[in-house]
Amino acid sequence: MTNEAADTMSISDYLAQGGKLSSPENVPPRYRAELLRLMSSFVDSELAGSAGFADAINWAPGIKERIAASRITLEKADHAERVLDLMVEFGTDKALYNSAHDWAARMPRDADVEARRQGGDMRLSVFHHPLENWNDAVILNVLMGQATVTQLRELEQCSYAPLAEVARDIIPREQRHMELGLEGLARLTEVESRLPDLRKAIDYWQPRVALTFGRDGSDRFDRLSAMGLRRTANEALRTQWQDALDRQLATVAL
């Protein structure tokens with residue numbers, strides 16, 4: 001925000017008109033709280049996703065799949081660090097944050113995990129559910145990969161310019177993670193006997209990934225929208241994700 005803009009209008013009006021903030025010094029308290037919550041959710045989800053996917057490296061049926069799983073595990077941790085570095089500018093202790101939770105911890109497979117944060121752990125609820133095998137890992141990677149790309153495309157439009165820039169930088173890599181999942185899924189579907197287990201995994205993960213978009217008609221969305229941190233309603237993002245997912249699964253006869 002420029003000094004000239006600050007002199008002529010309030011920050012809330014500036015943001016409502018599509019203005020951008022560029023550093024912690026410009027950020028008012030309520031905006032700061034919502035921005036940090038948004039960034040924490042992303043960081044915690046990427047760390048939990050990376051830690052949970054690490055087991056999939058040893059489930060991989062071949063070298064190509066092992067390389068893909070290793071790449072996804074590494075790059076998700078890197079994406080978490082990029083956003084965590086932005087949080088450090090607001091006073092977050094990076095070393096302490098990294099050790100705050102057991103990122104590989106999961107609840108029982110059949111646990112009813114509400115679509116809300118669990119204590120100080122801000123990961124999306126889907127990352128409290130455990131992976132069971134390679135089929136499971138591939139299906140979650142495809143479903144959640146598309147959800148992550150959808151959500152990052154929303155984030156790259158946000159009013160905090162440094163976060164929007166990071167989102168823009170990592171979208172191609174998250175897109176590639178999803179594509180690697182589709183490639184792995186295509187190989188799995190070549191064996192017809194696997195199809196029932198793959199469909200079962202889709203039935204398990206799809207509603208849990210859908211919950212990551214939040215409630216329809218959310219009051220919080222209205223607050224974030226007024227601050228320029230969100231633009232597209234939860235239900236619209238979920239529909240975008242579902243439409244893209246349907247097209248992708250159709251390419252592999254699922």
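Each residue is numbered by its place in its chain's sequence as written, counting from 1. Per-residue local features of the predicted model are confined to residues with pLDDT of at least 70, and side-chain atom pairs are confined, for both listing and counting, to 80 or more; whole-chain, interface and lining totals are unaffected and use all residues. Neither water nor hydrogens contribute to the side-chain values; these are computed over all heavy atoms in the structure.

Engineer: Pulling in residues and values, what's your account of the overall build of the protein chain?
Structural biologist: Of the regular secondary structure elements, the protein chain holds 11 helices and zero strands. The helix and strand labels rest on DSSP assignments: H or I over at least four residues marks a helix, E over at least two residues marks a strand, and numbering proceeds from the N terminus. Each helix and strand of the protein chain, ordered N terminal to C terminal, gives the series α-α-α-α-α-α-α-α-α-α-α. The atom set for the radius of gyration is the C-alpha atoms, and the globule formula is 2.2 Å times the number of residues raised to the power 0.38. For 254 residues, the compact-globule formula gives about 18 Å, and the C-alpha radius of gyration of the protein chain, at 19 Å, lands near that figure. Put simply, the protein chain has 254 residues, and 51% of those count as buried. By definition, residues are in contact when any of their heavy atoms lie within 4.5 Å. Pairs at least 24 apart in sequence give 69% of the contacts found in the protein chain among residues at least 6 apart. The averaged location of the 39 negative side-chain charges in the protein chain is 2 Å from the averaged location of its 31 positive side-chain charges. Working definition: with a 1.4 Å probe on protein chains only, accessible area under 20% of the residue-type maximum means buried, over 50% means exposed, and in between means partly exposed. Charge convention: Lys and Arg are scored as positive, Asp and Glu as negative, and His as well as the terminal groups of each chain are ignored. By convention, the point assigned to a charge is CZ for Arg, NZ for Lys, CD for Glu and CG for Asp.

Engineer: Please give an account of the layout of surface pockets that cites residues and values.
Structural biologist: Think of a 1 Å grid over just the protein atoms. A cavity is a set of points where a 1.4 Å probe fits yet cannot get out, a pocket is an open set with protein on both sides within 12 Å along at least five of seven lines, and lining residues have an atom within 4 Å of a point. Grid points are joined across faces, edges and corners, and a volume is the space filled by probe spheres set on the points. Quantified by volume, the second largest pocket comes out at close to 180 Å³. Around the second largest pocket sit R109, E132, N133, N135, D136, D197, K200, A201 and Y204, which together line it. Residue assignment for the lining of the second largest pocket shows that the elements contributing at least two residues are α7 (134-155) and α9 (195-210). Looking at which element gives the most residues to the lining of the second largest pocket, the answer is α9, with four residues.

Engineer: Provide a residue-level description of helix α3 (residues 29-53), including the pertinent values.
Structural biologist: Compared with the 36 Å implied by 1.5 Å per residue over 25 residues, the 36 Å span of α3 between its first and last C-alpha is a close match. Buried residues dominate α3, accounting for 19 of its 25 residues. Multiplying 1.5 Å by the helix residue count minus one yields the expected span of that helix.

Engineer: Break down empty space enclosed by the protein for me, with residues and values.
Structural biologist: Using the criterion set out here, one finds one cavity of 30 Å³ or more in the structure. Taken together, F53, E65, A68, A69, I72, W134, V138, N141, L180, G181, G184 and R187 form the lining of the largest cavity. Its residues assigned to classes, the lining of the largest cavity shows seven nonpolar, three polar and two charged. Under the scheme applied here, ten amino acids are nonpolar (Ala, Val, Leu, Ile, Met, Phe, Trp, Tyr, Cys and Pro), four are charged (Asp, Glu, Lys and Arg), and all others, including Gly, are polar.

Engineer: Lay out α7 in plain terms, naming residues and giving numbers.
Structural biologist: In this model, α7 (22 residues) spans 30 Å end to end at C-alpha, consistent with the 32 Å of a helix rising 1.5 Å per residue. Counting buried residues in α7 gives 20 out of 22 residues, a clear majority hidden from the surface. Any pair of nitrogen or oxygen atoms within 3.5 Å is treated as a polar contact; in protein, a donor-acceptor pairing is required on top of that, and neighbouring residues in sequence qualify only through side-chain atoms on both sides. Its side-chain oxygen 3.3 Å from the backbone nitrogen of N135, N133 forms the N-cap of α7.

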